[in-house]
Amino acid sequence: MPTAMPPGRLITIEGIDGAGKTTLAQALASQLNHRGVDVRVLREPGGVAAAERIREVVKDPATRLGPRAEALLYAAARAQLVEEAVDPLLRARAVVLLDRFVDSSLAYQGAARGLGVEAVRAINEFGTHGLVPDRTLLLDVDVRVGRSRARHRDPTRDRLERERDEFFSVVAAAYLELWRRDPRRVRRIDASRPFHTVLAAALEEIADLL
Ligand code: TMP
């Protein structure tokens, strides 16, 4: 009997701004590449042309956006990314490393913007036809540390980064709640440690999927 091909995997990376998601995604991709895994890194909002244009709108400090429009724009960008890139890659049995996904909207728009996690979950279920990651790596870092890293990286703060520290404390608490509710999918990683330790922990948390 032919051996079954491994299925595609969707692994998402979450955390507040400055938690180290993008650096981890790149490092994981290069480690997995070395092992011969077909891996693709995508980011949200963005990853495909229409979603990159939405990214410009939502990040622009000059754009006036209410919480509902903001949530719908993130969900629209996500819907296009899933249809145009994530679904085809998963069908081709690739490992997709996604820098932010639905959990970002649950934490930022659902909790911090006060729209309600369940309402935001519903529009995203519609947008993604209910696609759920195989695993989510939650990079947990102190809000002040994350914010100072993000500021250091890019002193010109975007529309979201201009929010006050309290906004990000609510985001961080919401992420921890998502982890508590579904620790099988969401794995919390202490991202205040040296990067090689964080990378090793991340590899351990996804080892069973590869
Ligand atoms: P980043 O690419 O620098 O992480 O920027 C994305 C910003 O958008 C970041 O501040 C978090 C925010 N965001 C949301 O508020 N909701 C979402 O669903 C996503 C994907 C990002």
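Our structure's up above, just so we're on the same page.
What you see is a predicted model; the values in this text were computed from it and never measured.

Student: Any chance you could break down the site of the ligand for me, citing the residues and the numbers?
Tutor: In the region of the ligand, 13 residues are neighbours, and D17, R55, Y74, S105 and Q109 sit closest. Note that an oxygen atom of the ligand is positioned 2.8 Å from one of the side-chain N or O atoms of R55. In this structure, a nitrogen atom belonging to the ligand sits 2.8 Å away from a side-chain N or O atom of Q109. When each cavity is represented as a set of grid points, the ligand is found to reside in the largest pocket.

Student: Residue-level account of the pattern of salt bridges, with values.
Tutor: Tallied over the full model, the rule gives 20 salt bridges. Between E70 and R113 there is a salt bridge, with its nearest N and O atoms 2.9 Å apart. Residue E70 is found in helix α3 (residues 67-91), and its partner R113 is found in the loop between α4 (102-112) and α5 (117-128); the two are separated by 43 residues along the sequence. Just as E70 is buried, R113 falls in that class too. Between R147 and D165 there is a salt bridge, and its shortest N-O distance comes to 2.8 Å.

Student: Lay out helix α7 (residues 165-181) with the relevant residues and their values.
Tutor: Here α7 spans 25 Å end to end across 17 residues, near enough to the 24 Å set by a 1.5 Å rise per residue. Among all positions of α7, only F167, F168, V171, A172, A174, Y175, L176 and L178 are buried. On its buried face, α7 is in contact with β1 (9-14), α4, α5, β4 (135-140), α6 (143-153) and β5 (186-190).

Student: Account for unusual backbone geometry, with residues named and values stated.
Tutor: Most of the time, phi is negative for any residue but glycine, and the peptide bond is trans. A cis geometry characterises the amide bond from E44 onward to P45, with omega recorded as -15°. Secondary-structure assignment places P45 in the loop between β2 (39-43) and α2 (49-59). Backbone geometry at R100 places phi at a positive 85°, although glycine is not the residue there. Structurally, R100 can be placed in the loop between β3 (95-99) and α4.

Calculation notes
- Residues numbered from 1 in each chain as written.
- Predicted model: local features only at pLDDT ≥ 70, side-chain atom pairs only at ≥ 80, totals over all residues.
- Heavy atoms only, no water.
- Near = heavy atom within 4 Å.
- Polar contact = N/O pair within 3.5 Å; in protein donor to acceptor, adjacent residues only side chain to side chain.
- 1 Å grid on protein atoms, 1.4 Å probe; cavity = no way out; pocket = protein on both sides within 12 Å on 5 of 7 lines; lining within 4 Å.
- Sits in = over half its atoms within 2 Å of the grid points.
- Salt bridge = Lys/Arg side-chain N within 4 Å of Asp/Glu carboxyl O.
- Helix = DSSP H or I, 4+ residues; strand = E, 2+ residues; numbered from the N terminus.
- Buried < 20%, exposed > 50% of the residue type's maximum accessible area, 1.4 Å probe, protein only.
- Expected span 1.5 Å × (residues − 1).
- Contact = heavy atoms within 4.5 Å.

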